[in-house]
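Report on the structure
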Amino acid sequence: MLNKAVVSTDNAPSAIGTYSQAIKVSNTVYLSGQIPLDPDSMQVVEGGISAEIDQVFKNLAAVCEEAGGSLKDIVKLNIFLTDMGNFASVNEAMARYFTEPYPARAAIGVKELPKGVGVEMDGIMVI
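Residues numbered from 1 in each chain as written. Predicted model: local features only at pLDDT ≥ 70, side-chain atom pairs only at ≥ 80, totals over all residues. Heavy atoms only, no water.

A few points about the side chain of D73
Formally: Secondary structure is summarised from DSSP: a helix means a run of H or I of at least four residues, a strand means a run of E of at least two, and numbering begins at the N terminus for each. By the convention used here, residues are in contact when the closest approach between their heavy atoms is within 4.5 Å.
Structurally, D73 can be placed in the loop between α1 (49–66) and β4 (74–81). Dropping the residues within four chain positions of it, D73 is found in contact with I124, M125, V126 and I127.

What to know about the pairing of strand β2 (residues 22–25)
Rules: One bridge is not enough; two strands pair if DSSP finds at least two bridges between them.
Relative to β2, strand β1 (residues 4–7) runs antiparallel, the two sharing four bridges. Its bridge partner lying in β2, V6 is registered against I23. Two elements, β2 and strand β3 (residues 28–34), share four bridges in a ladder whose sense is antiparallel. Looking across to β3, one finds that A22 is bridged to L31. Counted along the chain from β2 to the antiparallel partner β3, the turn is two residues long, and its residue S26 has a positive phi close to 55°.

Some remarks on the sheet that holds β4
The pairing of strands in a sheet happens through backbone hydrogen bonds and is either parallel or antiparallel. Here is the rule: Helix axes are fitted only over the stretch in contact, all axes being lines through C-alpha atoms; the angle between N-to-C directions runs from 0 to 180 degrees.
Taken together, six strands build an open sheet; the order of strands is β1-β2-β3-β6-β4-β5 and the sheet is mixed. Only two strands of the sheet have a single partner each, and these edge strands are β1 and β5 (104–109). The average undirected angle you get between the axes of adjacent strands in this sheet is 15°. Alignment of β3 against strand β6 (residues 119–126), held across five bridges, turns out to be antiparallel.

Some thoughts on helix α2 (residues 87–97)
The criterion, for reference: Only protein chains enter the accessibility calculation, which uses a 1.4 Å probe; a residue is then buried when its area is under 20% of its type maximum, exposed when over 50%, and partly exposed in between. Throughout, the arc means the angular range of directions from the helix axis out to the C-beta atoms.
Along α2, the residues classified as buried are S89, V90, A93 and M94. The buried residues of α2 all sit within an arc of 135° when viewed along its axis, so they share a single face. Turned more than 90 degrees from where α2 packs its buried face, E92 and A95 sit exposed. Those residues of α2 that are buried are in contact with α1, β4 and β5.

As for the nonpolar core
So the rule is basically this: The term nonpolar core refers to a set of buried residues drawn from Ala, Val, Leu, Ile, Met, Phe, Trp, Tyr and Cys, joined through side-chain atoms within 4.5 Å.
Among the nonpolar cores identified, the biggest contains 26 residues, and L31, F57, L77 and M121 are the most heavily contacted of them. Those elements giving two or more residues to this core turn out to be β3, α1, β4, α2 and β6. Beyond its immediate sequence surroundings of up to four residues, L31 is in contact with Q21, A22, L60, V63, C64, I74, D122, G123 and M125.

Written out as structure tokens, the structure reads:
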């Protein structure tokens, strides 16, 4: 039987649907998509796409920490952008939040995201 556990923290936005912030199976953590919501107000952060990207990384970091890891333990990161012109901003932020070896990554252009945000990210962490 799998050692499966729900990961939940008040330091990241609470789930706003039928999902968990993350699921931990043995030493692998499957991180649900995070959008740029302030976990206290549950409102989208202001300040444009750079502020949104930073908040998403903060939210992911909070879930990683609750699971017993950190952003450096992410092995696969999926980035969803409503404007691929913001890809350079993602790279700038990743240089601040990650060091080599960087996680495997996909950047996907999408038509829209929840609450009209410009970015969402999910990933897989191994601890």
